[in-house]
Amino acid sequence: MLLAALAACTHAPRRSEPEESPRPSSAAPAGEEGEVGLASFYARKFHGRRTASGARYDMHAMTCAHPRAPFGARLKVTDLENGRSVVVTVTDRGPFKRGRVVDLSMAAARKLGIVDRGLARVRVEAVED
């Protein structure tokens, strides 16, 4: 009986179709409709510190952190609540919290009007030079 029970456990049921891998929560910024998610912004305490690209974070510059876009890429970030947009340059990696798609510099966050809210639902699109 023990052998029969073990033999029954060794064969998993076959699936007729392969499983689809789950789609990431957001597309790459080069996508046609862009990447939608939450934007946050860097705190003042990071001003002057080195970013992943080697540049120093300047809270007064129009920059951002993005997990995949190349350093130096320009991204258009649009606040989906108020319709405001900014163009920022990628200088860092992040954000590292689930659901967030971009970390903005303080200057970019101010222009979008999200400093008081802390977070905003945005669309991120690559900008062609």
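Since the structure is predicted, the reported quantities are computational estimates derived from the model, not experimental observations.

What about the nonpolar core?
Reasoning step 1: Membership of the largest hydrophobic core comes to 18 residues, with the highest contact counts inside it found for Val77, Val88, Val102, Leu104 and Val122.
Reasoning step 2: Sorting the residues of this core by element identifies strand E3 (74–79), strand E4 (85–92), strand E5 (100–104), helix H2 (106–112) and strand E6 (120–126) as the ones contributing at least two each.
Reasoning step 3: Counting residues in each nonpolar core, the second largest holds 5 residues, with Tyr42, Tyr57, Met59 and Met106 among its members.

Considerations on the side chain of Thr91
Reasoning step 1: Mapped onto the elements, Thr91 comes out in strand E4.
Reasoning step 2: The residues contacting Thr91, other than those within four sequence positions of it, are Thr51, Ala52, Ser53, Thr63, Cys64 and Phe71.

Focus: the pairing of E3
Reasoning step 1: Sheet analysis places E3 next to E4, joined by 5 bridges and oriented antiparallel. Bridging across to E4, Lys76 finds its partner in Val87.
Reasoning step 2: Adjacent in sequence and paired antiparallel, E3 and E4 are bridged by 5 residues, among which Gly83 carries a positive phi angle near 80 degrees.

The rules behind these values
- Residues numbered from 1 in each chain as written.
- Predicted model: local features only at pLDDT ≥ 70, side-chain atom pairs only at ≥ 80, totals over all residues.
- Heavy atoms only, no water.
- Core = buried A, V, L, I, M, F, W, Y, C linked by side-chain atoms within 4.5 Å.
- Buried < 20%, exposed > 50% of the residue type's maximum accessible area, 1.4 Å probe, protein only.
- Helix = DSSP H or I, 4+ residues; strand = E, 2+ residues; numbered from the N terminus.
- Contact = heavy atoms within 4.5 Å.
- Pairing = 2+ DSSP bridges.

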